[in-house]
Amino acid sequence: MKAPESFPWGSEKRYNAFSFYQRNIYGQRVQKVTVDAGFTCPNRDGSVARGGCIYCNNESFNPGYNDARKSITQQILEGIEFLERRYKAHKFIVYFQPYSNTYASLDTLKRYYEEALSAHPDIVGLTIGTRPDCVDTSKIAYLEELADQYDVTIEYGLESISDATLKKINRGHDVQAYVNALEMTCDRGIKICTHMIFGFPWEDESLWLESADWLSRQPFDFLKVHQLHVVKNTALAALYKKEPFEMLTPEVYLDIIVRFLERLDPRIVIQRLFGEAPPDTLIAPHWNMRNYILLERLDELLEQKNTWQGKHFK
Ligand code: SF4
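Predicted, not measured: the structure shown is a model, and the values here were computed from it.

Peer 1: Talk me through the site of the ligand; I want residue IDs and the actual numbers.
Peer 2: All residues in the neighbourhood of the ligand are listed as Cys41, Arg44, Gly52, Cys53, Cys56, Asn58, Tyr99, Arg131 and Arg171. The residue inventory of the shell around the ligand, partitioned by class, reads four nonpolar, two polar and three charged.

Here you go:
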């Protein structure tokens with residue numbers, strides 16, 4: 001099959017990249033500024049389970065300016081100063097990232113989110129990372145109101161479309177909980193992002209490729225995928241130490257991502273395809289490759305194979 005003259009998302013990129021999507025809306029780069037509002041997680045404090053997901057160590061993705069002891073405003077101002085210097089960004093979305101950022105009373109959430117939105121004049125919206133079992137109709141109705149004025153995204157961690165995996169990794173919810181959260185959230189002006197992880201040693205590529213078909217049928221906007229990381233101070237690290245398992249190599253992972261993208265609905269915007277964990281917390285795998293290199297390799301592979309997102313979407 002010949003590549004189309006232009007892809008449905010309007011860029012030459014062979015997948016529907018978030019950077020292009022945002023430039024189309026804002027005409028410029030929009031940078032996420034993360035905050036740690038001091039939330040916890042029902043999968044850690046005993047409400048759902050104790051110990052959390054077996055791979056979870058929130059320290060492995062917190063930037064230096066995040067510290068829940070500082071106010072939300074202070075974290076945002078420090079973050080913006082850094083991002084302006086580093087990326088010359090002039091518009092920002094506040095990203096409530098660590099733990100479950102809807103896990104509090106509605107009044108508390110309103111206070112935090114509204115403080116974030118008024119912390120700096122160049123803030124255009126919020127992204128809120130959470131679990132699918134951590135929202136209810138009143139929280140979603142409030143986010144719908146905010147989405148009238150701001151760019152609001154809610155990120156739901158799903159991680160696998162297999163209930164058996166969700167059980168093994170101690171997610172504390174099943175796939176149906178994710179489907180229920182999507183039903184509650186979709187068609188209300190709130191954008192929805194889904195998280196997936198590829199590489200659990202008991203899963204295989206047939207399941208990851210099947211995920212593309214299954215995800216394509218769900219009503220969400222953005223997708224984040226990353227390779228499994230084993231990081232320190234997690235149950236997965238203890239399992240790995242006891243019985244080291246095989247992890248994906250960059251070559252195998254890239255090949256899976258190419259075939260996954262081919263089957264994925266072209267309307268889904270790709271926010272992330274590779275993860276990075278700080279070297280001092282990472283146990284495995286050691287790819288020693290920055291994300292931008294992996295993204296370049298992905299572009300080359302898509303070109304060489306003359307393929308693109310949605311080429312085999314049914
Ligand atoms: S739901 Fe998120 S924050 Fe909670 S334990 Fe799992 S990965 Fe960690």
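Peer 1: Can you explain the packing of aromatic side chains? Please cite residues and give values.
Peer 2: Between two aromatic rings, the relevant description is the distance of the centres plus the angle of the planes. A complete count under the given rule lists 16 aromatic pairs for this structure. Pairing phenylalanine 96 with tyrosine 113 gives two aromatic rings, centres 5.2 Å apart and planes at 70°, and the pair type is edge-to-face. Taken together, the positions of phenylalanine 96 in strand 2 (residues 91-96) and tyrosine 113 in helix 3 (residues 106-117) put the pair 17 residues apart, joining distant regions of the chain. Side by side, phenylalanine 96 and tyrosine 113 carry an identical accessibility label, which is buried. Ring plane angle 40° and centroid distance 6.0 Å describe the contact between tyrosine 178 and tryptophan 214, whose orientation is recorded as tilted. You can see tyrosine 178 sitting in helix 6 (residues 175-185) and its partner tryptophan 214 sitting in helix 7 (residues 205-216), a full 36 residues away along the chain. For the pair formed by tyrosine 178 and tryptophan 214, the shared burial category is buried. Joined through ring pairs, the aromatic side chains of Phe7, Trp9 and Trp308 make up one cluster. The residue whose ring lies beneath lysine 32 is tyrosine 95, and the NZ or CZ to ring-centre distance is 5.1 Å.

Peer 1: Tell me about the packing of helix 7 against helix 9 (residues 250-263), residues and numbers included.
Peer 2: Two elements in contact, helix 7 and helix 9, have axes whose closest approach is 8 Å; the angle formed by their N-to-C orientations is 25°. In this view, helix 7 runs roughly parallel relative to helix 9, as classed from their interaxial angle. Between helix 7 and helix 9 lies a crossing whose hand is right-handed. Taking contact as the criterion, the partners of Glu205, Trp208, Leu209, Glu210, Ser211, Ala212, Asp213, Leu215 and Ser216 in helix 7 are, on helix 9, Ile256, Arg259, Phe260 and Arg263. Of the residues contributing to the contact of helix 7 with helix 9, the split by class is six nonpolar, two polar and five charged.

Peer 1: Mind laying out the pairing of strand 6 (residues 222-227), listing which residues take part and the relevant values?
Peer 2: Within strand 6, six of the six residues are buried, leaving the element largely enclosed by the surrounding structure. Both faces of strand 6 are covered, namely the face carrying Phe222, Lys224 and His226 and the face carrying Leu223, Val225 and Gln227. Where strand 5 (residues 191-198) meets strand 6, six bridges bridge the pair, whose relative direction is parallel. Directly across from methionine 196, in strand 6, lies its bridge partner valine 225. Of the strand pairs in this sheet, strand 6 and strand 8 (residues 269-272) are connected by three bridges, and their pairing is parallel. Paired with phenylalanine 222 across the two strands is valine 269, which belongs to strand 8.

Peer 1: Which residues make up the environment of proline 266, and what are the values?
Peer 2: Relative to the helices and strands, proline 266 resides in the loop between helix 9 and strand 8. For the pair proline 266 and serine 216, spaced 50 residues apart in sequence, the C-alpha to C-alpha distance is 8.7 Å. Filtering out sequence-adjacent residues up to four positions away, proline 266 remains in contact with Pro8, Trp9, Asn16, Gln309, Gly310 and Phe313.

Peer 1: Run through the pattern of salt bridges, naming residues and quoting values.
Peer 2: Taken as a whole and assessed by the stated rule, the structure comprises 16 salt bridges. For arginine 267, the salt bridge identified is with aspartate 265, shortest N-O distance 3.1 Å. Its relative accessible area of 38% is what places arginine 267 among the partly exposed residues. What you see here is one network of salt bridges that share partners, running through Glu205, Asp255, Arg259 and Lys305.

Calculation criteria
Residues numbered from 1 in each chain as written. Predicted model: local features only at pLDDT ≥ 70, side-chain atom pairs only at ≥ 80, totals over all residues. Heavy atoms only, no water. Near = heavy atom within 4 Å. Nonpolar A, V, L, I, M, F, W, Y, C, P; charged D, E, K, R; others polar. Phe/Tyr/Trp six-rings, centres within 6.5 Å; stacked < 30°, edge-to-face > 60°. Helix = DSSP H or I, 4+ residues; strand = E, 2+ residues; numbered from the N terminus. Buried < 20%, exposed > 50% of the residue type's maximum accessible area, 1.4 Å probe, protein only. Lys NZ or Arg CZ within 6 Å of the ring centre and 35° of its normal. Axes fitted to C-alpha atoms, helices over the stretch in contact; angles between N-to-C directions. Parallel < 35°, antiparallel > 145°, perpendicular 65-115°, else oblique. Left-handed = near helix turned anticlockwise from the far one by under 90°. Contact = heavy atoms within 4.5 Å. Pairing = 2+ DSSP bridges. Salt bridge = Lys/Arg side-chain N within 4 Å of Asp/Glu carboxyl O.

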